[in-house]
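Here is how the chains run, residue by residue.
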Amino acid sequence: MTSGVPGRLGLPLLGLAFIALAVACAPRATPTPTPTPVAEVKQGGVLRLAQPGDPTSCDLAMWRGVGYQSVHPCNSMLNQLVRIDPYDHSRILPDLAERWESGEDGTLWTFYLVPNVRWHDGQPLTADDVLFSLQRIMETPPGLQPGRAAPVAQYIQSVEAPSPDTVVVRTKFPAASFLVNLASVYVSIYPKHVVEAMAPPTMEAFPSVVGSGPFRFRAFNRGSSYEMERYRDYFVRNRPYLDGVTYLVMPNPATQFAALRAHQVDVIPIGIAESQAKEIVDSLSDRIAVQETATANFWAVQMNTKAWPFDDQRVREAVNLALDRDAAIQFQGGGYRGAAMPPTGAWGLPESELTKLPGLGDKTQERARARELLAQAGLGGGMRVKMLSRSGAFFQDLATFVAGQLVEVGVQAELDTQETVAYLDRLQRRDFQITASSSGLTLDDPDQVFTDHYLCIGSENFTQLCDSQIESLFQQQQRTLDYQKRRDLVWQMQRRLWDLNGKVIINWSIRRTPVWREVKGFVMGASNYQGMRLDTVWKDE
């Protein structure tokens, strides 16, 4: 048996999954996070961030907590066993577990907890809380629906708490991606004594959160603001640096940008438009920096394969052929063509493979072929469908763009716009024909992406596409420890998904995040979800 924690892996962004097991089973040195040296840090200040809506749930392990509007404010009050380094997403760092060991066969993991950690209510955090949190992911409580923590449940055969400071996990097989998925923000640890007393047993409401994180609940005003204050008994010495964090709810992007310019907010995490970024660079670059990032976020058209007319493969293929990816990238102000995995990551199909895929060729020819397919399906005279869409300027722009693309092949899409909670509920119930959506990946990891989005059991497989070939390839890659062999299997899955035309990827996005220059240590990586605990962020004012 070897022990320790992983050192620097030096892989493409979030592409560490394929060697996580190998690293875990080999000797390694304790890593040192790389925030600004303490001597240079200034304590105090409140960080103000803009976001377009209210958090729907702080139970991040369950379905209602999947959105970034929940993850961003709630993450600052929570911890995981291990975490992804906010400054280098190719590293896994200790969190509630100060160290861990893995048996030589890669199926037995022992985690040793940081001593004397206390919940925000003063009660001690013990291995029983970790056991409780992992078990509710393995077996979802009645009345709740699993969310993006689900991949972890696939690995775990058993979990035990032999002592108050020790957790032992046995996996069903050696899994290259186990530790990576355990580090996901969605696998947060919750207090057993608090959650079990709730009915239903879920810590959804923002003011109800009793966490162990660097910030604790202070106040909220629904539709306006969510405030947290420094937790002075946080188990990491001298953290957090800030006195508090406030999220300001601003549904309109123009309002967010005006508040940024007026210095009423310090950061807009999910980014601004290309034209707004140019305005900052031209006139405000001495005061505001713009972080430009190739993201793990994508635009897609999702078709319900169990509902007319998208139960016909020919109709779905026609939609794919109608979409002009180059026009989408221009409309969005930048981006990348790609398939099911981020094209800039470790698992994305290279351009040489993408050019072979239908839908990425000559658009005049492809749209002519789309009309032929619709005619073969008995829809040569055109058709009308309802397109479920999400409220908010960004999502409405996306839906309007897609509707304009479909008109080119004779498909009239009437927008059915719903507020965020209602929209997500309709998706979860699979109550739609077609939707244009923007989604983000938690990790650039095949186990996470395919489990959530493409397997028959996927919590975000809203298309209801269920394919035996995908299921078989997934299980093969999940158990493959050699990176090259695993990547080839992942490429096969992506090509197969493309041909099935359920969730049709339009393009992958670029994010432009504005940050006032007195804010130090804030970095938005490829994922919208990782790295938002804010414990190492400070203000030079």
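This text goes with the structure placed above it.
Residues numbered from 1 in each chain as written. Predicted model: local features only at pLDDT ≥ 70, side-chain atom pairs only at ≥ 80, totals over all residues. Heavy atoms only, no water.

## Re the overall build of the protein
And then number 1: Helix and strand counts for the protein come out as 17 helices and 18 strands.
And then number 2: At 23 Å, the protein has a C-alpha radius of gyration in line with the 24 Å of a compact globule built from 541 residues.
And then number 3: Considered along the principal axes of its C-alpha atoms, the protein spans approximately 70 × 55 × 45 Å.
And then number 4: The buried share of the protein, reckoned over its 541 residues, is 61%.
And then number 5: Counted over contacts in the protein with a minimum sequence separation of 6, partners at least 24 positions apart contribute 72%.
And then number 6: Each charge class in the protein can be summarised by its mean position, and for the 53 positive and 59 negative side chains these summaries are 1 Å apart. (Helix = DSSP H or I, 4+ residues; strand = E, 2+ residues; numbered from the N terminus. Rg over C-alpha atoms; globule rule 2.2 N^0.38 Å. Buried < 20%, exposed > 50% of the residue type's maximum accessible area, 1.4 Å probe, protein only. Contact = heavy atoms within 4.5 Å. Lys, Arg positive; Asp, Glu negative; His and termini not counted. Charge placed at Lys NZ, Arg CZ, Asp CG, Glu CD.)

## Some remarks on the environment of Val519
And then number 1: Relative to the helices and strands, Val519 is located in strand β17 (residues 519-520).
And then number 2: Residue Val519 is classed as buried on the basis of its relative accessible area of 7%.
And then number 3: Placed 19 residues apart in sequence, Val519 and Trp538 show a C-alpha to C-alpha distance of 6.0 Å.
And then number 4: Those residues in contact with Val519 that sit more than four places away from it in its chain are Leu47, Asp266, Val537, Trp538 and Lys539.

## Points about the pairing of strand β8 (residues 166-171)
And then number 1: Most of β8 is tucked away, with 5 of its 6 residues classed as buried.
And then number 2: Relative to β8, strand β7 (residues 156-163) runs antiparallel, the two being bridged by 5 bridges. Counterpart to Val159 in the pairing with β8 is Val169.
And then number 3: Counting the residues that bridge the hairpin from β7 to β8 gives 2 residues. (Pairing = 2+ DSSP bridges.)

## Observations regarding the side chain of Ser177
And then number 1: Summarising the element assignment, Ser177 is placed in the loop between β8 and α5 (178-182).
And then number 2: Engagement of the side chain of Ser177 in a polar contact is seen with the side chain of Arg486, the distance being 3.0 Å. (Polar contact = N/O pair within 3.5 Å; in protein donor to acceptor, adjacent residues only side chain to side chain.)

## Brief notes about the state of the cysteines
And then number 1: Applying the stated criterion to the full structure yields 2 disulfides.
And then number 2: Each disulfide pairs two cysteine sulfurs, and for Cys58 the partner residue is Cys74, the sulfurs being separated by 1.9 Å. As the torsion about the S-S bond is roughly -65°, the Cys58-Cys74 disulfide counts as left-handed. Taken together, the residues Cys58 in the loop between β2 (46-51) and α2 (68-75) and Cys74 in helix α2 connect sequence positions 16 residues apart.
And then number 3: A residue is classified by how much of its surface remains accessible, and Cys58, at 1% relative accessible area, is buried.
And then number 4: Note on cysteine connectivity: Cys456 is disulfide-linked to Cys466, with sulfurs 1.8 Å apart. Taking the sign of the torsion about the S-S bond as the criterion, the disulfide between Cys456 and Cys466, at about 90°, is right-handed. (Disulfide = S-S within 2.5 Å.)

## Re the nonpolar core
And then number 1: Counting 74 residues, the largest nonpolar core has Leu49, Phe111, Val169, Phe178, Leu182, Phe522 and Leu534 as the members making the most contacts within it.
And then number 2: By residue number, the principal contributor to this core is helix α3 (residues 127-138), which donates 6 residues.
And then number 3: Residues in contact with Leu534, not counting those within four places in the same chain, are Leu47, Leu49, Ser76, Phe215, Leu242, Val245, Tyr247 and Phe522.
And then number 4: Membership of the second largest hydrophobic core comes to 32 residues, among which are Leu354, Leu357, Tyr454 and Val490. (Core = buried A, V, L, I, M, F, W, Y, C linked by side-chain atoms within 4.5 Å.)

## What to know about the sheet that holds strand β14 (residues 411-418)
And then number 1: One open sheet accounts for 5 strands, arranged β14-β13-β15-β12-β16; its pairing is mixed. Looking along the sheet, the strands with just one partner apiece sit at the ends: β14 and β16 (503-516). The mean angle between the axes of side-by-side strands here comes to 30°, regardless of whether they run parallel or antiparallel.
And then number 2: For strand β13 (residues 383-390) and strand β15 (residues 434-440), the ladder comprises 2 bridges, and the chain directions are parallel. (Axes fitted to C-alpha atoms, helices over the stretch in contact; angles between N-to-C directions.)

## Quick word on the packing of aromatic side chains
And then number 1: Inspection of every chain in the model, using the stated rule, returns 20 aromatic pairs.
And then number 2: Taking 6.5 Å as the distance between ring centres and 10° as the angle between the ring planes, the aromatic pair formed by Trp109 and Phe111 counts as stacked.
And then number 3: Following the ring pairs from residue to residue traces out a cluster consisting of Trp100, Trp109, Phe111, Tyr155, Phe173 and Phe178.
And then number 4: For Arg99, the ring lying beneath its charged end belongs to Tyr112, and the centroid distance is 4.0 Å.
And then number 5: Positioned over the ring face of Trp491 is Arg487, at 4.2 Å from the centre of the ring. (Phe/Tyr/Trp six-rings, centres within 6.5 Å; stacked < 30°, edge-to-face > 60°. Lys NZ or Arg CZ within 6 Å of the ring centre and 35° of its normal.)

## Focus on the packing of helix α7 (residues 253-261) against helix α8 (residues 274-283)
And then number 1: Packing of α7 against α8 brings their axes to within 12 Å, and their N-to-C directions diverge by 15°. Classified by the interaxial angle, the pair formed by α7 and α8 is roughly parallel. For the pair α7 and α8, the sense of crossing is right-handed. Listed contacts from α8 to Pro253, Phe257, Leu260 and Arg261 of α7 are Gln276, Glu279, Ile280 and Ser283.
And then number 2: The residue inventory of the contact of α7 with α8, partitioned by class, reads 4 nonpolar, 2 polar and 2 charged. (Parallel < 35°, antiparallel > 145°, perpendicular 65-115°, else oblique. Left-handed = near helix turned anticlockwise from the far one by under 90°. Nonpolar A, V, L, I, M, F, W, Y, C, P; charged D, E, K, R; others polar.)

## Some words on α3
And then number 1: Spanning 12 residues, α3 covers 16 Å between terminal C-alpha atoms, matching the ideal 16 Å at 1.5 Å per step.
And then number 2: Along α3, the positions that sit buried rather than exposed are Ala127, Asp129, Val130, Leu131, Phe132, Ser133, Leu134, Arg136 and Ile137.
And then number 3: Residues of α3 that are buried in the fold lie against β6 (108-113), α4 (150-155), β7, β8, α5 and α6 (192-195). (Expected span 1.5 Å × (residues − 1).)

## Brief notes about the sheet that holds strand β11 (residues 244-249)
And then number 1: Across the sheet, which stays open at both edges, the 4 strands sit in the order β2-β11-β10-β9 with mixed pairing between neighbours. Across the chains shown, the open sheet's two edge strands, defined by having one partner strand only, are β2 and β9 (215-221). The average undirected angle you get between the axes of adjacent strands in this sheet is 20°.
And then number 2: Of the pairings in the sheet, the one linking β2 to β11 comprises 6 bridges and is parallel in character. Considered in β11, the bridge of Gln51 is made with Val249.

## Some words on the pattern of salt bridges
And then number 1: Taken as a whole and assessed by the stated rule, the structure comprises 31 salt bridges.
And then number 2: In this structure, Arg48 and Asp266 form a salt bridge, with 2.9 Å as the shortest nitrogen-oxygen distance. A residue pair is termed long-range when its members are at least 10 positions apart, and Arg48 in strand β2 and Asp266 in the loop between α7 and α8 qualify at 218 residues.
And then number 3: The class for Arg48 is partly exposed, based on a relative accessible area of 23%.
And then number 4: Judged by relative accessible area, Asp266 falls into the buried class, the value being 0%.
And then number 5: Measuring nitrogen to oxygen at the nearest pair gives 3.2 Å for the salt bridge that ties Arg369 to Glu372. Of this pair, Arg369 and Glu372 both sit in helix α12 (residues 363-376), separated by 3 residues, roughly a single helical turn. (Salt bridge = Lys/Arg side-chain N within 4 Å of Asp/Glu carboxyl O.)

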